[in-house]
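# A structural walkthrough
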Amino acid sequence: MLNLKKHLMIGVAVVGIGLTAMSSFAQMPPAGRHAPTPEQIAKFEQYRAKRLAALHDKLKITAAQEAGWKTFLDKTAPQRPATPPARPSKDEWDKLTAPERMERHLDMMKTMEAHMTDRIAATKEFYAVLSPEQQKVFDQEFHKMEERRFKHGRFGREHGMGDGFGK
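Here's a quick rundown of the structure. (Residues numbered from 1 in each chain as written. Predicted model: local features only at pLDDT ≥ 70, side-chain atom pairs only at ≥ 80, totals over all residues. Heavy atoms only, no water.)

## Re the overall build of the protein chain
Put simply, the test is: Runs of H or I in DSSP of at least four residues are treated as helices and runs of E of at least two as strands, each being numbered from the N terminus. The buried label applies to any residue whose accessible area, calculated with a 1.4 Å probe on protein chains only, is under 20% of its type's maximum; exposed applies above 50%, and partly exposed to all values in between. Whether two residues are in contact is decided by their heavy atoms, any of which lying within 4.5 Å being enough.
What the protein chain contains, in helices and strands, is six helices and zero strands. Along the protein chain, helices and strands appear, N-terminal first, in the series α-α-α-α-α-α. By residue count, 11% of the 167 residues in the protein chain fall in the buried class. A fraction of 55% describes how many contacts in the protein chain between residues 6 or more apart in sequence connect residues 24 or more apart.

## As for the packing of helix H3 (residues 66-76) against helix H5 (residues 98-129)
Counted only if it meets this: Fitted lines through C-alpha atoms serve as axes, helices being fitted only where they are in contact, and the angles separating the N-to-C directions of these axes extend from 0 to 180 degrees. Put simply, angles under 35 degrees are roughly parallel, angles over 145 are roughly antiparallel, angles from 65 to 115 are roughly perpendicular, and the rest are oblique. In this classification, the charged set is Asp, Glu, Lys and Arg, the nonpolar set is Ala, Val, Leu, Ile, Met, Phe, Trp, Tyr, Cys and Pro, and all remaining amino acids, among them Gly, are polar.
Contact geometry of H3 with H5 gives a least axis separation of 9 Å together with a crossing angle of 170°. By the angle class used here, H3 and H5 are roughly antiparallel. Note on element contacts: H5 touches H3 through Arg119, Ala122, Thr123, Glu125 and Phe126, opposite Gly68, Trp69, Thr71, Phe72, Lys75 and Thr76. Across the contact of H3 with H5, the residue classes break down as four nonpolar, four polar and three charged.

## Re a nonpolar patch on the surface
To keep things clear, this is the line we draw: Here a patch means residues that are over 30% exposed by relative accessible area and free of salt bridges, tied together within 9 Å if like-charged and within 5 Å if nonpolar (Val, Leu, Ile, Met, Phe, Trp, Tyr). Here the accessible surface of atoms and residues is derived via Shrake-Rupley with a 1.4 Å probe, and residues count as covered only by protein chains that are part of the display. Any carboxyl oxygen of Asp or Glu that lies within 4 Å of a side-chain nitrogen of Lys or Arg is treated as forming a salt bridge with it.
A cluster of nonpolar side chains, Leu106, Met109 and Met112, forms an exposed patch at the surface whose accessible area comes to about 330 Å². Topologically, Leu106 is positioned in helix H5.

## Quick notes on the nonpolar core
Rules: Residues belong to a common nonpolar core when they are buried Ala, Val, Leu, Ile, Met, Phe, Trp, Tyr or Cys residues joined through side-chain atoms within 4.5 Å.
Ranked by size, the top nonpolar core spans 10 residues in total: Leu52, Leu55, Leu59, Ile61, Trp69, Phe72, Leu73, Phe126, Leu130 and Phe138. Residue assignment for this core shows that the elements contributing at least two residues are helix H2 (38-59) and H3. Other than its neighbours up to four places away in sequence, Phe126 contacts Leu59, Ile61, Gly68, Trp69, Phe72 and Phe138.

## Thoughts on the pattern of salt bridges
Applying the stated criterion across every chain, the model contains five salt bridges. With its nearest N and O atoms 3.3 Å apart, the salt bridge here joins Lys58 to Glu141. Placement of the pair is Lys58 in helix H2 and Glu141 in helix H6 (residues 132-152), with a sequence separation of 83 residues. The shortest N-O distance in the salt bridge between Glu125 and Lys75 comes to 3.1 Å. With Glu125 in helix H5 and Lys75 in helix H3, this residue pair connects regions lying 50 residues apart in the sequence. Judged by its relative accessible area of 43%, Glu125 is partly exposed. Relative accessible area serves as the criterion here: at 42%, Lys75 is assigned to the partly exposed category. If you follow the salt bridges from partner to partner, you end up with Lys58, Glu141 and Lys144 in one network.

## Focus: H3
Keep this limit in mind: This arc is built from the directions going out from the helix axis to the C-beta atoms.
Within the span of H3, buried status applies to Trp69, Phe72, Leu73 and Thr76. All buried residues of H3 fall inside an arc of 95° around its axis, so they share one side. In H3, the exposed residues that point more than 90 degrees away from the buried face are Ala67 and Asp74.

Function cannot be read off these values alone, since they describe shape.
Below is the structure:
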């Protein structure tokens, strides 16, 4: 009899712990990427403005170059649509065949390529306005930005990606 009570108490405890774990898991946000909050967007915009002001100062933009600087900023500003494009739900995505998924990925890549092409054109246009000394500074700052991105960003070693040549 004592053995039965002991087993019942252990069973109740295990069920209680399991239910607690399941309820906390149910309250977690969905995994994967999500739309940035307005606070995150504001923080990013402040950080971007600070970086661009520092670049403006390092380049020593003249009054004659100011129009080119403004155009460069306008053309390279992140584009945030009022309503982000609808993403398929997980159920819809799971129903797609492998070729259909690949086509969706290709469409996203084409959109990203179009944005990058616009950014490259704007950068070339601005770069042509700069003096050789300013171009050298711009190149150095761009190189630093790339190093930070690959060191700390998506491809960084801190995120387990290694150096691209194995671990």
